[in-house]
Amino acid sequence: MKSSKDLLTDRFGRTVTSLRISLTNRCNLDCIYCHSEGDEGARDEMTVEMIAQIVNTAAKFGVKKVKFSGGEPLLRKDFEDILRALPQLKDVSVTTNGVLLKSRAHTLKEAGLDRVNVSLDTLDPEKYAYITHGRPEDLNEVLEGIEAAIDAGLTPVKINMVLLKGINENEIDDMLEFVRRHSGDLVLQIIQVMDFRDGAQYNLDAEKIEKELERHADEIKMRKMHHRKSYIIDGAEVEFVRPIENAEFCANCNRLRITADGKLKPCLLVNNNLIDFTNAEPEELPELLRTSIERRIPFYMDSGKERIIEKRTIIGDRENGS
Ligand code: SAM
């Protein structure tokens, strides 16, 4: 067994400091591009105790941050119980579509949630319904959810906008204005669409858009997580997340994923290396964590280096449900 210091460091020198935990595969929306955290199949969901145990173990070895995702995590009625069962951490956040956020924002904050990311690709109700297969009226619920999150102090609220060619590429300025109106409480996070479901057809020239942001920025900051840049444009903060063919993104990845049914998942895009911990005794968890860290391989290696994983095969595996 390795020492606690390097238990969570992989052979590429990347130390895991953050967990991304899927709470359910159920969702109340059905977005046209959704990757479902690479975890569509399973129906089983971890209990509060299982989640608390794995986070407790990871925290003992240096994990400081937890992000909950899904499916739609707010469909878990026991989300507040999950939050209350966690150890002391530096940052606990959730990514939600926001439809159910309004009535939960304050109880989630009281239960220990620090921040929230709300997925919002458009401010146009018809486009919203097209993208999410929801109702145009759901957009209003999301906007009210964002206000409630600000009111509850779940700030800064990050607005996750997946950029979609031919759908919302002309809405960046409107989104920046929306963020600006909430002076300092909102951050826009523009995300390059990844090749899931119909995702590929909506991909656009991310580099060109990032250059535009750079050109208009009054200030540029660099985040540790994935080496993402953040731009301040006329008082609005915007980050650009470019996960595709981005060796730097992988080289600076410090997160380990956990599937809704209780498997350690070293990479969003890889499904043949998961480790089930649902039947493990608490004292076995460090060794399972270590094994999953050993299986962490940067999906996009530097060009010229060996490509250990063939992308198409892995994504194909996912579609076959393996
Ligand atoms: N239902 C929650 C939500 O809407 O935030 C959590 C799950 S959702 C899978 C988590 C995040 O992944 C969302 O911000 C969503 O926009 C993003 N996402 C989903 N599919 C994606 C894709 N193909 N490419 C890029 N981002 C994607």
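Because the structure is predicted, anything quoted here is derived from the model rather than measured. (Residues numbered from 1 in each chain as written. Predicted model: local features only at pLDDT ≥ 70, side-chain atom pairs only at ≥ 80, totals over all residues. Heavy atoms only, no water.)

Colleague: What am I meant to see in the packing of aromatic side chains here?
Modeller: Aromatic rings in a pair are described by how distant their centres are and how their planes are angled relative to each other. Taken as a whole and judged by the stated rule, the model has one aromatic pair. Between Phe-68 and Phe-79 the ring centres are 5.3 Å apart and the planes differ by 80 degrees, which places this aromatic pair in the edge-to-face class. Pair noted here: Phe-68 is in strand S2 (residues 65-69) and Phe-79 is in helix H2 (residues 79-84), with a separation of 11 residues, a long-range link. Grouping residues by exposure puts Phe-68 and Phe-79 together as buried. (Phe/Tyr/Trp six-rings, centres within 6.5 Å; stacked < 30°, edge-to-face > 60°. Helix = DSSP H or I, 4+ residues; strand = E, 2+ residues; numbered from the N terminus. Buried < 20%, exposed > 50% of the residue type's maximum accessible area, 1.4 Å probe, protein only.)

Colleague: Can you walk me through the site of the ligand in this structure?
Modeller: Near the ligand, the surroundings consist of 19 residues, among which Tyr-33, Thr-95, Ser-119, Asn-160 and Met-194 are the closest. Between the ligand and Tyr-33 there is a distance of 2.8 Å, counted from a nitrogen atom to a backbone nitrogen or oxygen. In the environment of the ligand, a nitrogen atom lies 2.9 Å from a nitrogen or oxygen atom belonging to the backbone of His-35. Look at the ligand: alone it shows 550 Å² of surface, and the protein chains cover 94% of it. Looking at the shell around the ligand, the elements that each hand over two or more residues are strand S3 (91-96), strand S5 (157-163) and strand S6 (186-192). Residues of the shell around the ligand, tallied by class, amount to six nonpolar, 10 polar and three charged. (Near = heavy atom within 4 Å. Polar contact = N/O pair within 3.5 Å; in protein donor to acceptor, adjacent residues only side chain to side chain. Areas by Shrake-Rupley, 256 points an atom, 1.4 Å probe, with all protein chains shown as cover. Nonpolar A, V, L, I, M, F, W, Y, C, P; charged D, E, K, R; others polar.)

Colleague: How should I be thinking about the environment of Asp-6 in this particular structure?
Modeller: Take Asp-6: it is sitting in the segment before strand S1 (18-22). Along the sequence, Asp-6 and Val-179 sit 173 residues apart, while their C-alpha atoms lie 40 Å from each other.

Colleague: Could you clarify how one ought to interpret the sheet that holds strand S12 (residues 275-276) in this entry?
Modeller: Within a beta sheet, neighbouring strands are joined by backbone hydrogen bonds and run either parallel or antiparallel to one another. Spatially, S7-S8-S9-S6-S5-S4-S3-S2-S1-S10-S11-S12 is the arrangement adopted by the 12 strands of the open sheet, whose pairing is mixed. Only two strands of the sheet have a single partner each, and these edge strands are strand S7 (219-222) and S12. Bridge analysis of strand S11 (residues 263-265) against S12 gives two bridges, and the strand direction is antiparallel. Across the sheet, the residue bridging to Leu-264 is Ile-275, located in S12. The strands touched by helix H1 (residues 48-60) within the sheet are S1, S2, strand S10 (255-258) and S11, with S1 carrying the most contacts at an inclination of about 170 degrees. (Pairing = 2+ DSSP bridges. Contact = heavy atoms within 4.5 Å. Axes fitted to C-alpha atoms, helices over the stretch in contact; angles between N-to-C directions.)

Colleague: Could you clarify how one ought to interpret empty space enclosed by the protein in this entry?
Modeller: One simple way to see leftover space: roll a probe sized like a water molecule over the atoms. Taken as a whole, this structure holds two cavities of 30 Å³ or more when the rule is applied. What lines the largest cavity is Arg-20, Ser-22, Glu-37, Asp-39, Arg-257, Ile-258, Thr-259 and Lys-265. Within the residue set of the lining of the largest cavity, elements represented by two or more residues are S1 and S10. The residue inventory of the lining of the largest cavity, partitioned by class, reads one nonpolar, two polar and five charged. (1 Å grid on protein atoms, 1.4 Å probe; cavity = no way out; pocket = protein on both sides within 12 Å on 5 of 7 lines; lining within 4 Å. Points joined across faces, edges and corners; volume = space filled by probe spheres on them.)

Colleague: Hey, could you run me through H1 in this one?
Modeller: Residue pairs three or four apart in sequence face the same way in an α-helix, which turns once every 3.6 residues. Between the first and last C-alpha of H1 there are 18 Å, a value that for 13 residues agrees with the 18 Å anticipated at 1.5 Å per step. Among the residues of H1, Val-48, Ile-51, Ala-52, Ile-54, Val-55, Thr-57 and Ala-58 are the ones counted as buried. Each element contacted by the buried residues of H1 is listed here: S1, S2, H2, S10, S11 and helix H9 (285-294). Looking at the residues trailing H1, positive phi occurs at Gly-62, about 110 degrees. (Expected span 1.5 Å × (residues − 1).)

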